[in-house]
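Close look at the chain arrangement
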Amino acid sequence: MIRSKLLHLSLLFVFLSIQLPLHAQRSLENLDQSLRYSRLARVGLKIIPIQLSETSFKVLMQVEKLEAEPSFSAYTFSYAILNSYTEEITEEKVVLLTENDLSMDSDRHWVFEKQITLEPGQETQVALFSVLDTRQGDEYYFHMDLKSPFVYAHPKLGAFYANGVAFDQNYFNRGQALLFDSFDGPSIHSFYYPMEFPIPYPPMETRPADIPRELEVVDLGDFIENNPKTLDQIGYYFFQTDTSDLGGLLIKTTHEAFPQVKDWEEMVNIVTYISTRKEHEDLLRAEDKKKALDEYWLQMTRNPDTAKDVIREYFRQIEFANILFSDFKEGWKTDRGMVFTVMGPPAEVTFALDREVWTYGGMGESSRIKFTFARIKNVLTPHYYTLNRSRAYQPIWFKNISEWRSGRKAF
């Protein structure tokens, strides 16, 4: 058993080293996390912290099984607690997780549960969860700030499916129920926000986006934990055990077809990214949206078969954007969702404490295009990012839109 653990641990560090130049120091800031946004990912990772006290957390590390009939032995699992995004990830920092550490093995998830106590005097502490596919050497990462300048507080409760697996999606279809549990229950307070957010401006538009002047909120009062709670309205909910705290749990609720598109009205809004202003205005005014959209796709591509390919690929991108980037907005309406939809999955993804950077393009530095998303402190979510816009994006943006419109865009 000890020999097996050492072998897995050495494999982990071999593959971590492959991704960086030999002279580079391995840190969270220079790990390439592009697999978390890949359409071909075999697993999906999530860290779910539940705050127990000022310094302690119950941390759930969940692996969603995306491939058919996965084998636990095909992967190596580990985690580390880091004091910064630039701290070196040394062998001493990494904790190997074995099958004996599983708290649950369901049809869809492997779940590890650990209690973490923060080091005193640290401004930032980050949990890094890593899964290595030993068949191909693919390394998947997910990180979560347990404490940082960008986190007000973490929720003191968790939401769970009926099978006991923690809620780990970025959205929840209305009309379904979850179980809520906290360490200091028995009652949980809920708020509902019936918000509809605008579509973001393109990357080369530098003026600030419109911000709602008023935020409508409905106080839904208390409910008792560990009883099924149905979320039946579209918008988002915010749950707290103590309304005087800043920490809480955000759940975005959507229509029943989400992450796919529900109807022709929604489809008209979503095609705005690859439409001219006149085309989109004509679609919005059309009484028969289906007929107008049929004409739109055919006029754009000039070929019925090409139109089918573009429709299928474009709305597949929208579906992934919704899965990956929904927060209190639908994923396709976020800045990251917009860039993902038009540009495709990034070739490289890196994180710093205050930003996320996506890289597209060739091998040379001069041929690469970088999109930088600034991290904004937000009481609803610790992972809120907005694009640093620039007029320099205009050529590459229009080039990709032209590829979409001609049917040459594929991933």
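Residues numbered from 1 in each chain as written. Predicted model: local features only at pLDDT ≥ 70, side-chain atom pairs only at ≥ 80, totals over all residues. Heavy atoms only, no water.

1. Here's the deal with the sheet that holds strand β20 (residues 385-387)
An order of β17-β18-β19-β20 is seen for the 4 strands of this open sheet, with the pairing classed as antiparallel. Strands with a single pairing partner mark the edges of an open sheet, and in this sheet they are β17 (348-352) and β20. When strand polarity is set aside, the average angle formed by the axes of neighbouring strands in this sheet is 25°. Bridge analysis of β17 against strand β18 (residues 355-361) gives 5 bridges, and the strand direction is antiparallel. Across the sheet, residue Glu 348 finds its bridge partner in β18, namely Thr 359. Seen against the sheet, helix α6 (residues 335-343) touches β18, β19 (368-375) and β20 and runs at an angle of roughly 10° to β18. (Pairing = 2+ DSSP bridges. Helix = DSSP H or I, 4+ residues; strand = E, 2+ residues; numbered from the N terminus. Axes fitted to C-alpha atoms, helices over the stretch in contact; angles between N-to-C directions. Contact = heavy atoms within 4.5 Å.)

2. Here's the deal with the confidence of the model for the chain
In this model, the chain carries an average pLDDT of 91, and 91% of its residues clear a pLDDT of 70 or more. Below a pLDDT of 50 lies the segment residues 1-7, which in the model reaches 2 contacts outside its immediate sequence neighbourhood of four places, other chains included. Scored below 50 in pLDDT, residues 14-23 shows 13 contacts in the model against residues more than four places distant or in partner chains. (pLDDT = per-residue confidence, 0-100.)

3. Notes on the pattern of salt bridges
The full count for this structure, using the stated rule, is 26 salt bridges. The partner of Arg 108 in a salt bridge is Glu 64, and the shortest N-O contact between them spans 2.4 Å. Taken together, the positions of Arg 108 in the loop between β5 (102-105) and β6 (109-117) and Glu 64 in strand β2 (residues 56-65) put the pair 44 residues apart, joining distant regions of the chain. Residues Asp 245 and Lys 156 are paired through a salt bridge, measuring 3.0 Å at the closest nitrogen-oxygen approach. Placement of Asp 245 in the loop between β15 (235-240) and β16 (249-254) and of Lys 156 in the loop between β8 (138-147) and β9 (157-160) is noted, with a sequence separation of 89 residues between them. Given a relative accessible area of 24%, Asp 245 falls into the partly exposed group. Judged by relative accessible area, Lys 156 falls into the partly exposed class, the value being 28%. The structure contains a network of salt bridges with shared partners spanning Arg 42, Glu 67, Asp 133 and Arg 135. (Salt bridge = Lys/Arg side-chain N within 4 Å of Asp/Glu carboxyl O. Buried < 20%, exposed > 50% of the residue type's maximum accessible area, 1.4 Å probe, protein only.)

4. Quick word on the side chain of Lys 252
Structurally, the position occupied by Lys 252 is in strand β16. One buried charged residue, Lys 252, forms no salt bridge at all, with the nearest opposite charge on Glu 330 at 4.2 Å. Of the polar contacts made by the side chain of Lys 252, one reaches the backbone oxygen of Gly 235; its length is 3.4 Å. Look past the residues within four positions of Lys 252 in its chain and what remains in contact with it is Asn 170, Tyr 171, Phe 172, Gly 235, Tyr 236, Asp 327, Phe 328, Lys 329 and Glu 330. (Lys, Arg positive; Asp, Glu negative; His and termini not counted. Polar contact = N/O pair within 3.5 Å; in protein donor to acceptor, adjacent residues only side chain to side chain.)

5. Brief notes about the pairing of β8
Of all 10 residues in β8, 8 are buried, a share of seventy percent or more. Counted along the chain from strand β7 (residues 125-133) to the antiparallel partner β8, the turn is 4 residues long, and its residue Gly 137 has a positive phi close to 85°.

6. Observations regarding the packing of aromatic side chains
If you walk through the whole model with that rule in mind, you get 33 aromatic pairs. With centroids separated by 6.1 Å and ring planes inclined at 45°, the aromatic side chains of Tyr 75 and Phe 77 adopt a geometry described as tilted. On the basis of relative accessible area, Phe 77 is assigned to the buried category, the value being 1%. Taking the centre distance of 5.5 Å and the plane angle of 75° together, the rings of Phe 180 and Phe 223 count as edge-to-face. (Phe/Tyr/Trp six-rings, centres within 6.5 Å; stacked < 30°, edge-to-face > 60°.)

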